[in-house]
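Below are the chains, spelled out letter by letter.
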Amino acid sequence: MGFEFTNQTIRALCERGFLYQFTSPESIDKLFNSDKSFSFYVGFDATAKSLHVGHLLWIIAVNRLQRTGYRAIILTGGGTSKIGDPTWKDKQRVMLGSNEISANIDSVMRKLRTLIDFADSSANCAKLVNNDDWLSKIEYLPFLRDYGRFFSVNRMLSMDSISERLKRRQHLSFLEFNYMLLQAYDFLHLFNTENCVVQIGGADQWANIIFGVELIKKVYDKEAYGMTLNLLTTSTGAKMGKTESGTVWLDEEMTSPFDFWQYFRNVDDRDVCKLLKLFTDIELSEIDSYGAMIGTPSINEAKIKLADNITSFVHGKDCIASIKATVNNLFGNGSENQPYDIEEFRFQSSVQLDRAVFETGLAPSMSMSRKLIEGRGVKVDGSIVDSIKYRITASCVLSVGKKNFVKIAVEE
RNA sequence: GGAAGGGUAGCCGAGUGGUCAAAGGCAGCAGACUGUAAAUCUGCCGACAUUGAGUCUACGUAAGUUCGAAUCUUACCCCUUCCA
């Protein structure tokens, strides 16, 4: 810190809380003020079927950079995913098969194409690369001779991420240890082929990025740069986007737009301003004014704004209206309402309550269903029914908690 | 190759013959309170059944000892640490 960026784009990213570390702030500033002929790259793992909320940070950062004319390269870690990044991990990762990896890449890209401009038309459209394309061609001996000699094991061991693990006497396999080298090589490769001189990554990627920068320096005696993004955590210290009952995914198959919207609608008061800065284009001065609302009910307006913005970015503007309709109906007027489009289940004849709750998916098993009912968590047409023997004889609306509704139709 | 320590539910982690479907914590779900927040308190949290506490499946895998095993024995698999 301490350095004031003159470049507007980078400056804005700093002010909004995106950026965390820089290899060389002055040079980066100069570079971004230059002719924009270079490109930068961000990489992501292919370890899951979908990106999640945590990834939004770099997606939006890329967007912002793109809008101001910089060229992005999006690297999918098809090759490195075969190894698994050891950084900071307490445990070795599970090894993924190539089929799984490429399936993951496909499904991630389907979404990513809607969020980042890959169209050939624009001059600074993003380019997609897969590091498997070059990493899998590497031959061991040539690699060791050409690049291995530049890596100091002493130095690698001294990196925080690695030394932490050694200190705790945790196992670190040679396989994982090589991850850094490959990521460094990625950078070198892109530097060569795409005039890519900047790598952006998560804060946990710092060491890996540095190694890339140094490798380029050692091999070509040229400068390259790295920046890291802040780790997106909630005020309670948890990683953003992880709620059990699941991660909040960007893929609508995995997290519905409504649930996605709800996630942001329900963030902790203390996180609202931070998230608005990162995930929306709202002016900083306006966001600051929301800060005063923390602790008062009016903060809810800011949360709604936040949810609207992100949801329409990720899922498109079109879904907002129906989400809003559902929300109004559900929570409006403070009374017990129901959403509009709720799933309907038909039963041939009357059903016992526990069965109905289970079969409609409101509970994962009959036992859970009964426990929910006995725990006074189930409502029929808005009033609590705590007897599992209760029979549903006519059409009604079943609900569990405040947000799960299901319509029952009984055909006599 | 040698020595030691491990593998327990979504995760962490206790448990070393019956009272163990397995302490405790985290995460999760539901209830109260509220602002669809946070904090707090209460209940639930393997499955199936039940208004009564029954059955089944589970403590790395497979056999065995026992009336009875997460707990003992043997073999195997896997992981880690230390020494070569």
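See above for the structure.
The model shown is predicted, which means the values in this text are computed figures rather than measured ones.

Draft legend 1. View of the sheet that holds strand 9 (residues 378–380). The five strands are arranged 7-13-12-9-10 in an open sheet whose pairing can be described as mixed. The sheet terminates laterally at strand 7 (344–347) and strand 10 (383–384), the two strands that pair on one side only. Where strand 9 lies against strand 10, two bridges are found, and the strand directions are antiparallel. Within the sheet, the bridge partner assigned to Val380 lies in strand 10 and is Ser383.

Draft legend 2. Looking closely at the pairing of strand 12 (residues 396–400). Counting buried positions along strand 12 yields five of five residues, so the element is predominantly enclosed. A two-sided burial pattern is seen for strand 12, the buried positions comprising Cys396, Leu398 and Val400 on one face and Val397 and Ser399 on the other. Where strand 12 and strand 13 (residues 404–410) come together, five bridges link them in antiparallel fashion. Looking at strand 13, one finds that Cys396 is bridged to Ile408. Linking two consecutive strands that pair antiparallel, namely strand 12 and strand 13, is a turn of three residues; a positive phi of about 70° is found at Gly401 within it.

Draft legend 3. Highlighting helix 16 (residues 318–331). The end-to-end C-alpha distance of helix 16, which contains 14 residues, comes to 21 Å, matching closely the 20 Å that a straight helix rising 1.5 Å per residue would cover. For helix 16, every residue scored as buried is listed here: Cys319, Ile320, Ile323, Thr326, Val327 and Leu330. Across the axial projection of helix 16, the buried residues extend over an arc of 135°, all falling on one side. For helix 16, exposure combined with an orientation more than 90 degrees from the buried face picks out Asp318, Ala321 and Asn328. In this structure, the buried residues of helix 16 make contact with helix 12 (257–265), helix 15 (299–315) and strand 13.

Draft legend 4. Molecular detail of the nonpolar core. Within the largest apolar cluster, 107 residues are counted, with the highest numbers of intra-cluster contacts made by Phe32, Trp58, Leu112, Ile116, Val198, Phe264 and Phe279. Per-element tally for this core: the top contributor is helix 10 (residues 179–194), with 10 residues. If sequence neighbours within four positions are ignored, Phe32 has contacts with Asn7, Ile10, Phe38, Leu65, Tyr70, Val198 and Met227. Core analysis: the second largest hydrophobic core is formed by 20 residues, Phe345, Leu353, Ala356 and Val380 among them.

Definitions and limits used
- Residues numbered from 1 in each chain as written.
- Chains lettered and ligands numbered in written order.
- Predicted model: local features only at pLDDT ≥ 70, side-chain atom pairs only at ≥ 80, totals over all residues.
- Heavy atoms only, no water.
- Pairing = 2+ DSSP bridges.
- Helix = DSSP H or I, 4+ residues; strand = E, 2+ residues; numbered from the N terminus.
- Buried < 20%, exposed > 50% of the residue type's maximum accessible area, 1.4 Å probe, protein only.
- Expected span 1.5 Å × (residues − 1).
- Arc of directions from axis to C-beta.
- Contact = heavy atoms within 4.5 Å.
- Core = buried A, V, L, I, M, F, W, Y, C linked by side-chain atoms within 4.5 Å.

Take it as geometry only, folks, not as evidence of what the structure does.
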